[in-house]
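An overview of the molecular structure
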Amino acid sequence: MSKTGTSSATSGISRRWLRPTRTKRSRRALALLGALALIPLTSVIGAQPAAASHAGPLTVTITKVVNLGATGIESSLRGEADLYAVVEIGGSTFDSKNVHVDDKNSIEPFWTFSKNFNAGDPDFINVGIEIWDHDDCDGPRCVSSNLVGGSDDQGDVSPNAGDKRLDLVVDRNAGTWTGDTTNTCAQGDDTSDGDQRVLVCFDITTNSTSGDADGDGLLDGWETRGYDADGNGTIDVNLPAFGANPNHKDLFLELDYVTGQTPVRADVQAMKNAFAAAPLSAGSNAASLTSPGGSTGTNAPPNPDGLRGINLHVDTGNLVDTSAREGQSANTCNDGIDNGGDGLIDGADSNCRFVDASVEDPGPGTCTDGIDNDADGVADVNDPDCLVGDNLGGGGPITAPGACGVDSNFYTAKNAATGFNANRRLLFRYAISEAQGAGCTPSGGQGEIGGNDFTEFNHDGGTIMHEFGHTLNLHHGGFQDNNCKPNFVSGMNYDNQFGINRNGGGTIIDYSPPRLNVNGSTRGAVPLGPLVENNLNDGTILDGTDANNRFVFANSNGQKTQSPLNTGVNWNGGGDIDPPLELNQTINIDTSGTNGRPSACTNSASNSTLIGSDDWSVISLPFRQFGDAADSAKAPETDLVPTIQDRQLMQQEINTTDVGLTMTDTPDPVAAGTQLTYNLTATNRGPNPASSVQIVDTLPADVSFVSGGPGCTAAGSTVTCNIREILAGGAKSVPITVAVPANLVYGNGGPKTIVNNATIDNLAGPDPNTANDSASESTQVIAVA
């Protein structure tokens with residue numbers, strides 16, 4: 001049976017374990033004393049201050065142990081070794097005997113040993129590392145062989161003849177070491193006495209007691225010095241050059257792709273923005289969280305630097321977004337400005353799919369023209385503005401694997417020469433953007449729930465973040481596998497997979513609780529209160545603090561509907577929150593819509609109790625603990641993930657709403673030579689918000705445009721008014737004032753009737769009732785003496 005865990009400090013261990021090593025170490029020390037006495041200390045370890053100026057820990061993490069010998073440190077008839085470590089730090093001895101790993105000749109245990117030092121303690125600390133085999137043999141075979149309770153055996157990890165212990169001297173200021181090795185791995189040299197050579201790899205830090213100050217699964221030394229995969233002194237993955245910081249959480253993803261099957265820059269930037277705004281700061285609640293009816297998780301600890309967020313690095317290599325522009329202005333979809341001059345602002349503009357990452361009316365791409373368009377000294381593939389993600393030297397094109405999900409075809413592609421570099425195995429999660437293989441049941445992707453691999457077939461940021469979330473150990477219902485819960489506002493909810501809908505139009509991609517401000521400075525409440533399907537009351541407000549986001553549910557007509565989180569909801573599907581409110585309703589609110597999408601949400605139960613959940617507090621950035629070191633799926637997602645075709649149907653349904661138009665005029669009759677005002681009233685009878693309402697008014701040929709309400713522009717006799725959003729049951733009015741010519745009656749030979757015609761449209765979605773989409777008004781023009 002294997003056991004894993006972090007060791008605890010002990011005041012010492014049995015002298016039986018240490019006596020052989022301490023005797024040899026003492027002999028070595030005495031032999032060296034005479035020579036070293038004549039050499040200045042600075043020439044051995046370099047000139048350093050006499051005493052450290054700070055207090056803090058010195059931590060050793062044992063990352064890998066391999067039994068190299070022909071017979072190894074395990075005696076005959078006992079199988080493979082039962083490994084544990086003994087570590088001495090500045091005279092204090094620690095061991096992992098209580099969490100030793102049975103019957104393994106190669107392990108990656110990540111045992112951590114730490115000792116705190118005071119200001120003024122010596123700069124240079126002796127560290128000793130030993131690897132032992134724990135002999136706790138029992139059973140008939142052991143009795144017959146007289147092996148019960150045998151002595152523990154010590155492996156040889158020292159490169160010095162006649163010694164088995166690795167001895168180091170660590171500089172507490174620099175975090176570096178000298179001694180038997182300056183690398184991060186060492187192995188014994190002795191092939192005699194049963195060949196008890198052992199390889200040990202380790203990391204040493206003076207930054208934290210855990211060995212991983214920011215808790216992102218990347219050891220401090222890896223983020224400070226880089227990762228030496230084989231411990232030979234050469235850095236194989238230069239994490240500091242990639243932007244890793246031991247005091248701020250980093251998350252690395254390699255996203256390989258099949259040519260032509262790739263995301264665009266805005267989608268990857270939307271993901272990076274979501275993680276950069278993650279609710280992790282010095283003020284984060286680090287208390288234990290229990291989701292009702294679910295499991296207990298612990299809120300992710302704050303970043304040691306006190307800043308919010310997780311730095312997400314998505315390695316797509318030198319993949320260029322051909323639609324991107326060098327020097328493109330950022331944040332044009334949440335600035336309140338009509339950047340394109342088309343009358344459509346921010347989320348009401350169809351270009352602003354992600355309000356925090358898309359570009360409003362971006363213009364043609366400039367990333368393949370060979371010109372330094374923004375005069376920053378780099379062009380096209382060399383300009384970060386043009387890259388889909390980050391160029392970290394790993395992501396790139398691969399041969400189409402033809403995978404249906406995280407299957408054998410996926411792993412064949414991952415392990416190919418063009419796939420994943422094994423040196424990144426403990427550092428990067430891995431994904432492929434591709435087209436789904438022939439003969440597969442259509443799905444948007446698949447991810448391991450707690451693991452390191454996923455594949456996606458949609459190429460949009462929402463799907464990628466959804467599948468990525470599974471590798472962070474998130475489920476479709478947060479802490480549970482419930483699909484389409486209205487009170488779970490997260491990209492892990494299939495209803496929000498392609499984006500959490502925002503008031504005013506557009507979306508963000510996020511986990512629960514979603515951002516209010518796009519920079520993450522404020523967030524919605526979590527977990528949202530329970531919803532009991534056979535006891536639903538109109539007027540329920542899911543989150544009175546969230547005036548920015550919407551949730552999605554299936555109404556009593558079976559139609560998918562979106563509704564603001566901070567206003568009373570109408571579960572029965574009408575356009576108004578009717579007085580009196582309807583109470584104690586029974587509605588299946590977490591099922592698929594009228595078009596059967598998302599199919600994984602289809603259910604017939606109307607008596608479920610739906611529980612909200614908090615994602616950000618329970619995500620797991622480390623993935624070693626999931627035990628997915630081999631190339632096999634770790635509890636993969638089994639539901640069919642919505643596809644791009646599903647997205648079109650889902651977006652159409654949650655934007656289907658009945659808008660209508662009425663018109664009045666004043667004065668009527670109007671005197672020639674004066675002004676006439678039309679008042680156009682747009683209504684929304686629901687059930688969904690109308691996020692991009694446009695009125696087009698064709699004025700009578702006889703009049704001229706004078707002024708219009710906000711959002712109105714005139715081109716000849718056509719006036720276009722973009723009045724943005726109208727909630728279900730709401731209405732907005734727009735005035736348009738025209739001038740009536742003074743000679744109109746005279747030229748007509750008497751009073752004249754003029755007719756004004758206008759139409760209304762919701763640009764965000766279809767209208768099920770077009771009969772009320774137009775209005776006209778006749779006005780009599782008279783002469784005045």
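It should be emphasised that the depicted structure is a prediction, and the values quoted were computed from it without experimental measurement. (Residues numbered from 1 in each chain as written. Predicted model: local features only at pLDDT ≥ 70, side-chain atom pairs only at ≥ 80, totals over all residues. Heavy atoms only, no water.)

1. Here's the deal with the overall build of the chain
Helix and strand content of the chain: nine helices and 34 strands. The buried share among the 785 residues of the chain stands at 52%. Carbon together with sulfur atoms contributes 50% to the accessible area of the chain, which is approximately 30,800 Å² in total. (Helix = DSSP H or I, 4+ residues; strand = E, 2+ residues; numbered from the N terminus. Buried < 20%, exposed > 50% of the residue type's maximum accessible area, 1.4 Å probe, protein only. Areas by Shrake-Rupley, 256 points an atom, 1.4 Å probe, with all protein chains shown as cover.)

2. Some points on the nonpolar core
Counting 32 residues, the largest nonpolar core has L251, F275, I310, M465, F468, Y511 and W616 as its most contacted members. When contributions to this core are tallied by element, the ones reaching two or more residues are β12 (250-257), α5 (265-276), β15 (311-315) and α7 (461-471). Ranked by residue count, the leading element in this core is α5, at five residues. (Core = buried A, V, L, I, M, F, W, Y, C linked by side-chain atoms within 4.5 Å.)

3. A closer look at the sheet that holds strand β17 (residues 445-447)
With mixed pairing, the five strands of this open sheet are ordered in space as β15-β12-β16-β18-β17. Every other strand in the sheet has two partners, leaving β15 and β17 as the edge strands with one partner each. The sheet shows a mean angle of 20 degrees between the axes of neighbouring strands, direction not considered. One ladder, built from six bridges, connects β12 with strand β16 (residues 428-433); its direction is parallel. In the sheet register, Y257 faces β16, and the bridge partner there is S433. Where α7 meets the sheet, it contacts β12, β15, β16, β17 and β18 (453-456), and its direction lies at approximately 160 degrees from that of β18. (Pairing = 2+ DSSP bridges. Axes fitted to C-alpha atoms, helices over the stretch in contact; angles between N-to-C directions. Contact = heavy atoms within 4.5 Å.)

4. Remarks on the packing of aromatic side chains
Per the stated rule, a full pass over the model turns up 17 aromatic pairs. Their ring planes at 65 degrees and their centres at 4.8 Å tell us that W222 and Y227 sit as a pair that is edge-to-face. Pair check on accessibility: W222 and Y227 agree, each one buried. On the basis of an interplanar angle of 40 degrees and a centroid distance of 6.0 Å, the ring pair of F454 and F468 is categorised as tilted. In this pair, F454 is assigned in strand β18 and F468 in helix α7, connecting sequence segments 14 residues apart. Feature note: the residues F275, F454, F468, Y511 and W616 constitute an aromatic cluster, connected by ring pairs. Taking the ring centre of F428 as reference, the NZ or CZ of R424 above it sits at 4.1 Å. (Phe/Tyr/Trp six-rings, centres within 6.5 Å; stacked < 30°, edge-to-face > 60°. Lys NZ or Arg CZ within 6 Å of the ring centre and 35° of its normal.)

5. Some thoughts on the state of the cysteines
Under the definition given, this model contains six disulfides. Paired through a disulfide, C185 and C201 show a sulfur-sulfur distance of 1.9 Å. Here the S-S torsion is close to 105 degrees, and the disulfide linking C185 with C201 is therefore right-handed. In this pair, C185 sits in strand β10 (residues 185-187) while C201 sits in strand β11 (residues 198-205), placing the two residues 16 residues apart along the sequence. A relative accessible area of 8% places C185 in the buried class. (Disulfide = S-S within 2.5 Å.)

6. Re the pairing of β16
Extensive coverage of β16 is indicated by the burial of six of its six residues. Neither face of β16 is exposed, since F428, Y430 and I432 on one face and R429, A431 and S433 on the opposite face are all buried. Summarising the sheet, β16 and β18 pair through four bridges and their orientation is parallel. Across the sheet, A431 pairs through a bridge with F454, a residue of β18.

7. A closer look at unusual backbone geometry
Cis geometry marks the peptide bond from S512 to P513, where omega comes out at 0 degrees. One can find P513 in the loop between β20 (507-508) and β21 (531-532). With an omega dihedral of 10 degrees, the bond running from G686 to P687 counts as a cis peptide bond. With respect to the secondary-structure elements, P687 resides in strand β27 (residues 675-687). Positive phi, normally seen in glycine, also occurs at D361, with a value near 50 degrees. Residue placement: D361 occurs in the loop between β15 and α6 (408-415). Residue class for D361 comes out partly exposed when judged on its relative accessible area of 26%. Not every positive phi belongs to a glycine, and R724 is a case in point at roughly 60 degrees. Overall, the relative accessible area of 36% leaves R724 in the partly exposed class.

8. A short note on the sheet that holds strand β26 (residues 670-671)
Taken in spatial order, the six strands of this open sheet run β26-β34-β33-β28-β31-β30, and their pairing is mixed. Edge strands, defined here as strands with exactly one partner in the open sheet, are β26 and β30 (712-715). Strand direction decides the pairing type here: strand β33 (residues 752-762) and strand β34 (residues 774-782), joined by eight bridges, are antiparallel. Counted as the bridge partner of N756 is E777 from β34.

9. What about the environment of G750?
As for its placement among the helices and strands, G750 is situated in the loop between α9 (744-748) and β33. You can call G750 buried: its relative accessible area is 16%. Along the chain, G750 and V781 lie 31 residues apart, while their C-alpha atoms are 8.9 Å from each other.

10. Section: empty space enclosed by the protein
Evaluated as defined, the whole model comprises three cavities of 30 Å³ or more. Reported here for the largest cavity is a volume of approximately 70 Å³. Top element by residues in the lining of the largest cavity is β12. It accounts for three residues. Its residues assigned to classes, the lining of the largest cavity comprises eight nonpolar, one polar and four charged. Estimated volume of the second largest cavity: approximately 60 Å³. (1 Å grid on protein atoms, 1.4 Å probe; cavity = no way out; pocket = protein on both sides within 12 Å on 5 of 7 lines; lining within 4 Å. Points joined across faces, edges and corners; volume = space filled by probe spheres on them. Nonpolar A, V, L, I, M, F, W, Y, C, P; charged D, E, K, R; others polar.)

11. Considering the confidence of the model for the chain
This prediction gives the chain a mean pLDDT of 87; 85% of its residues lie at or above 70. Across residues 1-51, where pLDDT falls below 50, the model places 70 contacts with residues more than four positions away in sequence or in other chains. A low-confidence stretch, residues 281-299 (pLDDT under 50), is modelled with 35 contacts involving residues beyond four sequence positions or located in other chains. (pLDDT = per-residue confidence, 0-100.)

12. Regarding α6
Within α6, the full set of buried residues consists of F410, Y411, A413 and K414. For α6, the buried positions fall inside an angular range of 160 degrees around the axis, keeping them on one side. Away from its buried face, by an angle of more than 90 degrees, α6 presents the exposed residues S408 and T412. In this structure, the buried side of α6 is in contact with β16 and β18. Where α6 starts, the residue carrying a side-chain oxygen 3.2 Å from the main-chain nitrogen of N409 turns out to be D407. (Arc of directions from axis to C-beta. Polar contact = N/O pair within 3.5 Å; in protein donor to acceptor, adjacent residues only side chain to side chain.)

13. A few points about the pairing of β34
Only one face of β34 is covered, namely the face carrying A775, E777, T779 and V781; the face carrying S774, S776, S778, Q780 and I782 is uncovered. Pairing of β26 with β34, which is carried by two bridges, proceeds in the parallel orientation. Across the sheet, A671 pairs through a bridge with I782, a residue of β34.

14. Some thoughts on the pattern of salt bridges
Tallied over the entire structure, the rule returns 19 salt bridges. For the salt bridge of K414 with D453, the shortest nitrogen-to-oxygen distance reads 2.8 Å. Here D453 lies in strand β18 and K414 lies in helix α6, a separation of 39 residues in the sequence. Accessibility assignment for this pair places K414 and D453 in one class, buried. When salt bridges that share partners are traced, they join E88, E130, R165 and D167 into one network. (Salt bridge = Lys/Arg side-chain N within 4 Å of Asp/Glu carboxyl O.)

15. A few points about α7
The buried fraction of α7 amounts to 11 of the 11 residues, a majority that puts the element mostly inside the structure. Structurally, α7 contributes buried residues whose contacts are with β12, α5, β15, β16, β17 and β18. The N-terminus of α7 is capped by D460, whose side-chain oxygen sits 3.1 Å from the backbone nitrogen of G462. Once α7 finishes, N473 follows within two positions and takes phi at roughly 75 degrees, a positive value.

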